[in-house]
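# Secondary and tertiary structure notes
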Amino acid sequence: MEGAGYRVVFEKGGVYLHTSAKKYQDRDSLIAGVIRVVEKDNDVLLHWAPVEEAGDSTQILFSKKEDEDEDEDDSPPCSTAKHSQGTRKLRYITSAFQDSSGGDSCASEEEPTFDPGYEPDWAVISTVRPQLCHSEPTRGAEPSCPQGSWAFSVSLGELKSIRRSKPGLSWAYLVLVTQAGGSLPALHFHRGGTRALLRVLSRYLLLASSPQDSRLYLVFPHDSSALSNSFHHLQLFDQDSSNVVSRFLQDPYSTTFSSFSRVTNFFRGALQPQPEGAASDLPPPPDDEPEPGFEVISCVELGPRPTVERGPPVTEEEWARHVGPEGRLQQVPELKNRIFSGGLSPSLRREAWKFLLGYLSWEGTAEEHKAHIRKKTDEYFRMKLQWKSVSPEQERRNSLLHGYRSLIERDVSRTDRTNKFYEGPENPGLGLLNDILLTYCMYHFDLGYVQGMSDLLSPILYVIQNEVDAFWCFCGFMELVQGNFEESQETMKRQLGRLLLLLRVLDPLLCDFLDSQDSGSLCFCFRWLLIWFKREFPFPDVLRLWEVLWTGLPGPNLHLLVACAILDMERDTLMLSGFGSNEILKHINELTMKLSVEDVLTRAEALHRQLTACPELPHNVQEILGLAPPAEPHSPSPTASPLPLSPTRAPPTPPPSTDTAPQPDSSLEILPEEEDEGADS
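Note that the coordinates shown come from a computational prediction; the quantities given were computed from them, not determined experimentally.

Definitions and cut-offs
- Throughout this description, residue numbers start from 1 for each chain and increase along the sequence as written.
- The predicted origin of the model limits local features to residues at a pLDDT of at least 70 and limits the giving and counting of side-chain atom pairs to 80 or more, whereas totals for whole chains, interfaces and linings rest on all residues.
- Working from all heavy atoms in the structure, the side-chain values ignore hydrogens and water.
- A run of H or I in DSSP counts as a helix once it spans at least four residues, and a run of E counts as a strand once it spans at least two, with each numbered from the N terminus.
- Any helix carries an expected span of 1.5 Å times its number of residues minus one.
- Relative accessibility decides the category of a residue: with a 1.4 Å probe and only protein chains considered, values under 20% of the type maximum give buried, values over 50% give exposed, and everything between is partly exposed.
- For this analysis, residues touch if any pair of their heavy atoms sits within 4.5 Å.
- Planes of paired rings set the category: under 30 degrees apart is stacked, over 60 is edge-to-face and the rest tilted, where pairs are Phe, Tyr or Trp rings (Trp by its six-membered ring) whose centres lie within 6.5 Å.
- Only when the NZ atom of a Lys or the CZ atom of an Arg is both within 6 Å of the ring centre and within 35 degrees of the ring normal do we say a charge sits over the ring.
- At least two bridges found by DSSP between two strands are what make those strands a pair.
- Pairs of N or O atoms are called polar contacts if they sit within 3.5 Å, as long as, within protein, a hydrogen donor faces a hydrogen acceptor (for residues adjacent in sequence, only side-chain-to-side-chain pairs).
- Here, a salt bridge means any Lys or Arg side-chain nitrogen found within 4 Å of an Asp or Glu carboxyl oxygen.
- All axes here are fitted lines through C-alpha atoms, helices being fitted over the stretch that makes contact, and every angle between N-to-C directions spans 0 to 180 degrees.
- Angle categories are assigned with fixed cut-offs, so that under 35 degrees is roughly parallel, over 145 is roughly antiparallel, 65 to 115 is roughly perpendicular, and the rest are oblique.
- Crossing handedness is read from the near helix: turned anticlockwise from the far helix by less than a right angle, it gives a left-handed crossing, and turned clockwise, a right-handed one.
- Any residue outside Ala, Val, Leu, Ile, Met, Phe, Trp, Tyr, Cys, Pro, Asp, Glu, Lys and Arg is labelled polar, Gly included; the first ten of those are nonpolar and the last four are charged.

## Some remarks on helix α22 (residues 597-612)
Its 16 residues place the ends of α22 22 Å apart at the C-alpha level, agreeing with the 22 Å of an ideal helix rising 1.5 Å per residue. Burial in α22 covers these residues: Val597, Val600, Leu601, Ala604, Glu605, Ala606, Leu607, His608, Gln610 and Leu611. In the core, the buried residues of α22 are packed alongside α8 (332-342), α16 (490-506), α19 (539-550) and α20 (558-576).

Below, the structure is given as structure tokens:
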């Protein structure tokens, strides 16, 4: 598209500005527009305008650096933005809106800098809009702030860096940072196109991936566009050779010799006559291509969140109705569902927890249970005797056992000491905690004792009040969570990755906010997952929470949805209070003992129903919720994402040193590498 003095070399619709931090964007907070790259007067400009202004390209007005066009007399009425340093100015272009009397809608006076109010990572614009200076309105006319006030145009030479969003389930976006340090409004590509835009920009600029942040592209000007264009048409190097000169300067040998093989193909194709009607060799223009990601790039429409009502606890009378003539439990699925929806009455927990934790079989008779308990009692005391019979002299030569004993004694002395069952200096409950944990070291030599296990044993011993039964119930619990205490921490990393994936599907705006505050890794949730919220709720609420989670209903990983429910309850406080990373961590820690377990469980179940009702739920999310079997392991991708949004599946044999992405060999890594194009298709 060409006009008087300018040429549009790239145009993409469906590029929105999000002007609200609300979880669900309303129509007024989404401004649809068109992004264009325009060559004008020996300069290249990046221009965005709302849809109503972008319809007629002949009416597009462009600004340049202030020191270049101070002498121009045909500048339209506009609002300008001055950067904080005051050295350069960008004009936020608006169309020549006229009021009912024909007057200008805004004066040409300079406006203060428009600061979106967020770090470039956060793809949501602050709700504060730039205030335009309006002329005196005609009597009876109401002043207005049109959507055109968001339009902007910037010379490519003014760009300092470009930040790209993480590949995920929400709309991809770009944030442009100028040389003066200001951020332009984040551009959300609802119909894809970020890679196409970056490829076009790389014709005029050198885009280098930052070694510290692979999503941040540093912008460097170069004057090699003619040579790059020649390579591009010859297709001797890549399908997109716009950055070949910069790559050649960095690594001339590999860039050259890896591409000479294309010369033969080029001349063969040039000498052979092309049949009539054959398609052109030129690649088709980039259309609404999907953005790279693990599975789904567009937003997942979850639908409304259902209302959930929890039931009353299961009583002893209701439990007795499920006991058959021989003491075998009947209608177990129905009983488990009742425990999930209402929990257990306190008097029933001592018996029911033995079934929930796998100590007793749901299908066994009363006689079978008695025989099983006798067998497990003998087994327990044989293991206990192993460490009991070690003399002090032997223990001095057994540093591992000595270390376990010291760590257990220190942790037991401060575990739930405010609970009456454990209070007092000579409390027998503390001795039972100590003996059970030391015996577990004999039971599981490889794992031994790790700090935090005492928190998991304490409620079990409080409820069971029997050393042997509590030990085996604790072993059943550890079968569920022993990966949390592994030295490699792979299980915890995987759970945090799954939690991040669920949260990004449920609330992408909250994820963007946490990313912008350097809290996107969700490390503040580490303690939640490690000991299953033991220190977040009052002691009676922990008992209710655990027995619900032990049912395994409505599917695996309900504890991750419990974490999502807590974050969902606190999202407005986190996002609207302007918290930074330290304040976020402080606020999460201050939630201890202030949460209602019933409210959290109700919301977690509602989130589960909302996710399972989505017909387009990504497969990796279905795996987390137990709705789909795990995908077959496949060969690793040649290019690893710096921070994958999909959880890392634990293979049967852990590969060595695969938890960190490889760093680039040189200080700069040039942007468009065509092997990544497979992710776009």
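Back to the text.
## Re the packing of aromatic side chains
Evaluated as defined, the whole model comprises 21 aromatic pairs. On the numbers, 5.4 Å between centres and 70 degrees between planes, the contact of Phe477 with Trp532 is edge-to-face. One end of the pair, Phe477, is in helix α15 (residues 467-481); the other, Trp532, is in the loop between α18 (526-530) and α19, with 55 residues separating them in the sequence. With respect to burial, Phe477 and Trp532 carry one shared label: buried. Pairwise contacts between aromatic rings join Tyr380, Phe381, Tyr440, Tyr443, Phe471, Trp472 and Phe474 into one cluster. Looking at Lys376, its charged tip hangs above the ring of Trp472, at a distance of 4.2 Å from the centre.

## Side note on the pairing of strand β13 (residues 216-221)
Across three bridges, strand β9 (residues 159-164) lies against β13 in antiparallel orientation. Looking at β13, one finds that Arg163 is bridged to Leu216. What sits between the antiparallel neighbours strand β12 (residues 205-209) and β13 is a turn of six residues.

## Things to note about unusual backbone geometry
A cis amide bond links Leu553 with the next residue in sequence, Pro554, at an omega value of -5 degrees. Take Pro554: it is sitting in the loop between α19 and α20. Its identity as a non-glycine residue notwithstanding, Gln489 has a phi of 60 degrees, on the positive side. With respect to the helices, strands and loops of the structure, Gln489 is situated in the loop between α15 and α16. Exposure remark for Gln489: the relative accessible area of 23% places this residue in the partly exposed category.

## Section: the side chain of Arg36
Tracing the sequence through the fold places Arg36 in strand β3 (residues 30-40). Here Arg36 falls in the buried class, since its relative accessible area comes to 3%. One polar contact links Arg36 to Glu11, side chain to side chain, over a distance of 2.4 Å.

## Here's the deal with the environment of Ile162
Secondary-structure assignment places Ile162 in strand β9. Given the relative accessible area of 0%, Ile162 is considered buried. It is 6.1 Å that separates the C-alpha atoms of Ile162 and Val177, two residues lying 15 residues apart in sequence. Ignoring anything within four residues of it in the chain, the contact list for Ile162 reads Leu174, Val175, Leu176, Leu198, Leu201, Leu207, Arg215, Leu216, Tyr217 and Val219.

## Describing the pattern of salt bridges
Scanning the model with the defined rule gives 30 salt bridges in all. One salt bridge in this structure joins Glu39 and Arg7, with 3.0 Å as the shortest N-O distance. Of this pair, Glu39 sits in strand β3 while Arg7 sits in strand β2 (residues 6-18), and the two are 32 residues apart along the sequence. Glu39 sits in the partly exposed class, given a relative accessible area of 25%. The closest approach of N and O atoms between Glu605 and Arg609, which form a salt bridge, is 2.8 Å. Of the two residues, Glu605 and Arg609 both sit in helix α22, four residues apart, roughly one turn of that helix. Here Glu605 falls in the buried class, since its relative accessible area comes to 9%. One connected set of salt bridges, linked through shared partners, spans Arg310, Arg349, Arg544, Glu547 and Glu598.

## Details of the packing of helix α13 (residues 428-443) against α15
Running from N to C, α13 and α15 cross one another at 55 degrees; their axes reach a closest spacing of 10 Å. Taken together, the axes of α13 and α15 lie oblique to each other. Taken as a pair, α13 and α15 cross one another with a handedness that is right-handed. Residues Leu432, Asp435, Ile436, Leu437, Thr439, Tyr440 and Tyr443 of α13 form the contact with α15, whose participating residues are Glu467, Ala470, Phe471, Trp472, Phe474, Cys475, Met478 and Glu479. Taken together, the residues that form the contact of α13 with α15 break down as eleven nonpolar, one polar and three charged.

## Regarding the side chain of Thr415
One can find Thr415 in the loop between α12 (399-412) and α13. Here Asp411 takes part through its backbone oxygen, which lies 2.6 Å from a polar atom of the side chain of Thr415. A distance of 3.2 Å separates polar atoms of two side chains, one belonging to Thr415 and the other to Ser454. Beyond its immediate sequence surroundings of up to four residues, Thr415 is in contact with Tyr422, Ser454 and Ser458.

## Quick look at the packing of α16 against helix α17 (residues 508-516)
Between two packed helices, the angle of one axis relative to the other and the distance separating the axes together describe the packing. For the pair α16 and α17, the least separation of the axes is 5 Å and the interaxial angle reads 125 degrees. Taken as axis vectors, α16 and α17 run oblique relative to one another. Between α16 and α17, the residues in contact are Leu500, Leu503, Arg504, Val505 and Leu506 and Pro508, Leu510, Cys511, Asp512, Leu514 and Asp515, respectively. Here the residues of the contact of α16 with α17 sort into eight nonpolar, no polar and three charged.

## Structural notes on the pairing of strand β10 (residues 172-178)
In terms of residue burial, β10 counts as a mostly covered element, since seven of its seven residues are buried. Going residue by residue along β10, you find Ala172, Leu174, Leu176 and Thr178 tucked away on one face and Tyr173, Val175 and Val177 tucked away on the opposite face as well. In this structure, β9 lies alongside β10, joined through five bridges in antiparallel fashion. Considered in β10, the bridge of Ser161 is made with Val177. In this structure, β10 lies alongside strand β11 (residues 187-189), joined through three bridges in antiparallel fashion.

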